[in-house]
Structure formats: structure tokens, C-alpha cells
Amino acid sequence: MSEERTVKLARSMMRTYAARLHKEQCGVCAICKLPLDMTIKGEGVLDHDHDTGRIRGVVHRSCNAAEGKVANAAGQWGAKSTRYSDIIAFVKKLLDYWNGPQKKFIYPYHKTEDEKRQIRNVRSRKNRASARAKRILAAREAGSKDTDD
């Protein structure tokens, strides 16, 4: 079994190759799988592996930026290595952790939706009371000015 030969893409062929990949990907981004409109300038970009230089697919510019930020953050803080193999292993472990069982206790500073609603209601009542007090004071001041003249 022979290894696939790699070929460096000429810069002049980037748009043509991106269009071909776009068609092979059925018009969707290789990352998010949402429609990718190649008629919008700069919308679709070629994503590549920074270790090997090999092109992975055509993606939204924003997805490409997100992929880079995730790889950098995971590499620097989680995997402690910027090699994709180390980052992939870390991200898989992170996904397992996120999908794993949770404890019965809730973090002390976390607010449930009901607690958030109660806080909003208290703030609204205070704001309405303050606004009402200001209106009453303004009305009293306006009344006392009329009697002073």
C-alpha cells in the first residue's frame, strides 16, 4: 500500500481548489456544517493543519478563527503542547469530562433561573419605588415653589 503523494498548492490555485472543496463538501463548512456562501468575499477560507501544512477543508472565516483560538488555548493551557496530537487527546478528555456525571451539589455563587428572576424582580421594585419617590419629591418641590412666589 503506497502513501498518498503530497503536493504543495500554488497560491494561484487556492480559489479554484477552495471552490472544488466547497462542492465536495456539499456547500457547507467543514467545521460547523452550516451553509457556506463562497460568493461573499472572504467568507470561505482554506483551513490547514499547522503541523503538516495539509489542507483539511474550506470553512467559514469565523470557524477558522475559532479553531485557531481553541487550538491555541488548549495547547497552551490544557495539553501543555501545541502539537495537534496532544491537543486532540486533551480535547477528547475534556469532552469526556463535560459529558461525564455531575455531583449533586451546586456551586455556591451559581444562580438558578428562579434566583435570577427573584433578583430582577427585587431590583425592578426598588427602581420603581425610587422613581416614584423622585416624582413625589419633584411634585412637592414644584408645589412649594408656587407658594413661595
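Residues numbered from 1 in each chain as written. Predicted model: local features only at pLDDT ≥ 70, side-chain atom pairs only at ≥ 80, totals over all residues. Heavy atoms only, no water.

A word on the pairing of strand E1 (residues 44-48)
Looking at chain direction, E1 and strand E2 (residues 55-60) are connected through 5 bridges and run antiparallel. Within the sheet, the bridge partner assigned to Val45 lies in E2 and is Val59. Counted between consecutive antiparallel strands, the loop separating E1 from E2 contains 6 residues, among which Gly53 sits at a positive phi close to 85°. (Pairing = 2+ DSSP bridges. Helix = DSSP H or I, 4+ residues; strand = E, 2+ residues; numbered from the N terminus.)

What to know about the packing of aromatic side chains
This model, assessed by the stated rule, comprises 1 aromatic pair. Taking the centre distance of 5.8 Å and the plane angle of 65° together, the rings of Tyr107 and Tyr109 count as edge-to-face. A single burial state applies to Tyr107 and to Tyr109, both of which are exposed. Over the ring of Tyr84 we find Arg56, and its NZ or CZ is 4.9 Å from the ring centre. (Phe/Tyr/Trp six-rings, centres within 6.5 Å; stacked < 30°, edge-to-face > 60°. Buried < 20%, exposed > 50% of the residue type's maximum accessible area, 1.4 Å probe, protein only. Lys NZ or Arg CZ within 6 Å of the ring centre and 35° of its normal.)

Focus on the nonpolar core
Judged by nonpolar contacts, Ala18, Leu21, Leu36, Leu46 and Val58 together constitute the single largest core of 5 residues. Ignoring any residue separated from it by four or fewer positions in sequence, one finds Leu21 in contact with Leu46, Ile55, Gly57 and Val58. (Core = buried A, V, L, I, M, F, W, Y, C linked by side-chain atoms within 4.5 Å. Contact = heavy atoms within 4.5 Å.)

Let's talk about the layout of surface pockets
Considered as a void within the structure, the largest pocket measures approximately 530 Å³ in volume. Lining the largest pocket are 15 residues, with Val7, Leu9, Gly53, Arg54 and Ile55 positioned closest to its centre. Contributions of two or more residues to the lining of the largest pocket are made by helix H1 (14-24) and E1. With 3 residues, E1 is the largest single contributor of residues to the lining of the largest pocket. Of the residues belonging to the lining of the largest pocket, the class tally is 6 nonpolar, 3 polar and 6 charged. (1 Å grid on protein atoms, 1.4 Å probe; cavity = no way out; pocket = protein on both sides within 12 Å on 5 of 7 lines; lining within 4 Å. Points joined across faces, edges and corners; volume = space filled by probe spheres on them. Nonpolar A, V, L, I, M, F, W, Y, C, P; charged D, E, K, R; others polar.)

Quick look at the side chain of Ser81
Position of Ser81 among the secondary structure elements: in the loop between helix H2 (61-78) and helix H3 (84-99). At a separation of 3.2 Å, a polar atom in the side chain of Ser81 contacts the main-chain amide nitrogen of Arg83. When near neighbours in sequence (up to four residues on either side) are disregarded, Ser81 contacts Gly75, Asp86 and Ile87. (Polar contact = N/O pair within 3.5 Å; in protein donor to acceptor, adjacent residues only side chain to side chain.)

Points about the pattern of salt bridges
If you walk through the whole model with that rule in mind, you get 7 salt bridges. We note a salt bridge from Arg56 to Asp47, for which the minimum N-O separation is 2.8 Å. Note on Asp47: relative accessible area 5%, which makes it buried. Residue Arg83 pairs with Asp86 through a salt bridge whose shortest N-O separation is 3.4 Å. According to the relative accessible area criterion, Asp86 is partly exposed, its value standing at 23%. Salt bridges linked by common partners bring Asp47, Arg56 and Glu67 together as one network. (Salt bridge = Lys/Arg side-chain N within 4 Å of Asp/Glu carboxyl O.)

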